[in-house]
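Now for the letters of each chain:
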Amino acid sequence: MTLHKKITSAPKADLHVHLEGTIEAAMMFDLAARNGVTLPWASVAELHAAFGFRNLPQFLEIFYAGLQVLRTERDFFDVTYAFLKRSAADNVVYTEIHFSPQGHLERGVTWTEMMDGILGAATKAERELGIRARPILGLQRHRSEEDALKVIDAALPWKQDIVALGMGGAELGNPPSRFVNAYARARELGWKCTCHAGEEGPHGYVTEALDLLKVDRIDHGIRSIDNPALVARLARERMPLTVCPYSNVRLQAVPALASVPLIELLDAGCLATVNTDDPSYFEAYLNENFLGTARALNLTEVQTRTLIENGFKGAFLDEGQCTAYLDRLDAHWT
Ligand SMILES: Nc1ncnc2[nH]cnc12
Ligand SMILES: [Zn+2]
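Residues numbered from 1 in each chain as written. Chains lettered and ligands numbered in written order. Predicted model: local features only at pLDDT ≥ 70, side-chain atom pairs only at ≥ 80, totals over all residues.

Caption draft 1: Molecular detail of the overall build of the protein. When you go through the protein residue by residue, the secondary structure sums to 17 helices and eight strands. In summary, the protein has a C-alpha radius of gyration of 18 Å against a globular reference of 20 Å for 334 residues, a match within 12%. Projected onto its principal axes, the C-alpha positions of the protein cover 50 × 45 × 40 Å. Expressed as a percentage of the 334 residues in the protein, the buried residues total 46%. (Helix = DSSP H or I, 4+ residues; strand = E, 2+ residues; numbered from the N terminus. Rg over C-alpha atoms; globule rule 2.2 N^0.38 Å. Buried ≥ 20, exposed ≤ 12 C-beta atoms within 10 Å, placed from the backbone.)

In structure tokens form, the structure reads like this:
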């Protein structure tokens with residue numbers, strides 16, 4: 001089997017994806033029409049023309065405009081199911097999906113509408129497509145910690161359905177240290193914790209996420225590479241890093257795929273993984289992230305397999321569940 005075929009047909013995990021970053025342009029316009037929402041773009045072509053992102057904050061403006069089309073339970077169901085169907089076609093068998101309640105609640109969407117839509121689609125996709133999906137409550141870091149605590153409390157009826165607390169949004173100027181109490185609360189609830197850090201922000205934000213938020217995983221984390229002692233620590237602690245190669249290129253966090261520091265992280269013994277982030281905006285689902293990265297970095301078969309394995313090892317799964325996925329990968333690969 002060629003490496004290309006091995007990658008595309010292997011069972012894989014996507015641990016870093018934003019539900020609102022999976023809305024394909026055609027669906028965005030369908031949902032806008034269904035809900036009477038006026039988008040800032042006149043057509044799919046105009047939206048695509050806006051995809052030349054300069055940086056994270058400029059991308060987020062577009063991302064926040066796009067998510068306005070999500071209004072009802074059916075919308076959340078349709079977008080979640082479409083993403084899971086597209087991911088299953090890439091042989092993704094497990095995914096943990098960030099959703100951004102703060103971006104929806106402020107428009108009058110209810111928790112019940114969000115959760116029934118997302119969880120309903122996850123149940124149907126697991127039954128019909130064999131892909132398992134679990135939601136991560138994704139805070140927006142430009143908002144206050146008080147708002148974060150309110151959102152966490154409002155999520156309590158779904159405490160068992162939500163696998164973790166996460167946090168994304170505009171990183172620079174919004175360090176993890178602003179959210180110590182929110183993360184402490186999440187840990188009290190028994191949730192796992194993850195946080196975007198070291199994407200556009202400095203490696204010091206990764207250290208803060210570890211020391212102050214006591215996270216179980218780091219989203220992105222590529223700027224850790226600027227601090228060898230931090231890389232050694234991440235390796236020692238087997239801290240998963242959810243690297244998103246196409247996202248880094250499209251948001252100009254790195255100049256090209258060849259600059260994504262995956263080999264350096266693997267060589268140092270870090271638990272680096274490959275993920276999508278916002279696949280409809282970055283025009284790359286999981287297979288393309290693996291294939292593009294393997295090509296650009298000239299990855300060996302062993303490195304590629306390690307990255308796929310790390311996707312399961314870095315997941316919020318218990319040991320038995322993780323081993324079952326690794327056994328499936330093993331059976332596939334040999
Ligand atoms: N790449 C990214 N970084 C931070 N927040 C995000 N929200 C959606 N995509 C994001
Ligand atoms: Zn992200």
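Caption draft 2: Focus on the site of ligand 1. Ligand 1 sits among His18, Gly21, Leu56, Phe63, Gly168, Gly169, His196, Glu199, Ser247, Asp277 and Asp278. Split into classes, the residues belonging to the shell around ligand 1 amount to two nonpolar, six polar and three charged. (Near = placed C-beta within 6 Å. Nonpolar A, V, L, I, M, F, W, Y, C, P; charged D, E, K, R; others polar.)

Caption draft 3: Region of interest: the packing of helix α5 (residues 73–89) against helix α7 (residues 111–129). In contact at an axis separation of 7 Å, α5 and α7 are set at 30° when each is read in the N-to-C sense. Overall, the two elements α5 and α7 adopt an arrangement that is roughly parallel. In the packing of α5 onto α7, the handedness of the crossing is right-handed. Where α5 abuts α7, its residues Glu73, Arg74, Asp75, Phe76, Phe77, Thr80, Tyr81, Leu84, Lys85 and Ala88 lie against Glu113, Met114, Asp116, Gly117, Ile118, Gly120, Ala121, Ala122, Lys124, Ala125 and Leu129. In terms of residue class, the contact of α5 with α7 is made up of eleven nonpolar, three polar and seven charged. (Axes fitted to C-alpha atoms, helices over the stretch in contact; angles between N-to-C directions. Parallel < 35°, antiparallel > 145°, perpendicular 65-115°, else oblique. Left-handed = near helix turned anticlockwise from the far one by under 90°. Contact = placed C-beta atoms within 7 Å.)

Caption draft 4: Structural context of the UniProt feature "active site" (unreviewed entry) in the protein. The sites that UniProt annotates as "active site" (unreviewed entry) are Glu199. Its place among the elements puts glutamate 199 in the loop between β5 (192–197) and α10 (203–211). Here glutamate 199 is in contact with Leu56, Glu171, His220, Ile222 and Ala253, once residues within four sequence places are set aside. (UniProt positions renumbered as here; feature names shortened; annotations may be inferred.)

Caption draft 5: Inspection of the nonpolar core at higher detail. In this structure, Cys193, Ala209 and Leu241 are the most contacted members of the largest nonpolar core, which totals 94 residues. In terms of residue count, the dominant contributor to this core is α7 (six residues). With residues up to four places along the chain from it excluded, the contact list for cysteine 193 reads Ala164, Leu165, Tyr183, Ala186, Arg187, Leu213, Lys214, Val215 and Asp216. (Core = buried A, V, L, I, M, F, W, Y, C linked by C-beta atoms within 7 Å.)

Caption draft 6: Here's a closer look at the packing of helix α16 (residues 301–313) against helix α17 (residues 319–333). Viewed as axis vectors pointing N to C, α16 and α17 meet at an angle of 160°, and their least axial separation amounts to 9 Å. Classified by the angle between their axes, α16 and α17 sit roughly antiparallel to one another. For the element pair α16 and α17, the recorded crossing hand is right-handed. Residue-level contacts link Arg305, Ile308, Glu309, Phe312 and Lys313 of α16 to Cys322, Tyr325, Leu326, Leu329 and Trp333 of α17. Residues that form the contact of α16 with α17 fall into these classes: seven nonpolar, no polar and three charged.

Caption draft 7: Main features of the UniProt feature "binding site: Zn(2+)" (unreviewed entry) in the protein. Sites flagged by UniProt as "binding site: Zn(2+)" (unreviewed entry) map to His16, His18, His196 and Asp277. Look at the named residues: they lie 262 residues apart in sequence, but the longest C-alpha span between them is just 11.8 Å, so in the fold they bunch up. Residue placement: histidine 196 occurs in strand β5. Histidine 196 has contacts with Met167, Gly168, Glu171, Asp219 and His220, leaving out every residue within four places of it along the chain. Tracing the sequence through the fold places aspartate 277 in the loop between β8 (271–274) and α14 (279–282). Judged by C-beta crowding, with 29 C-beta atoms within 10 Å, aspartate 277 ranks as buried. Aside from chain neighbours lying at most four places away, what touches aspartate 277 is His16, Val17, His18, Gly21, Cys244, Ser247 and Phe282.

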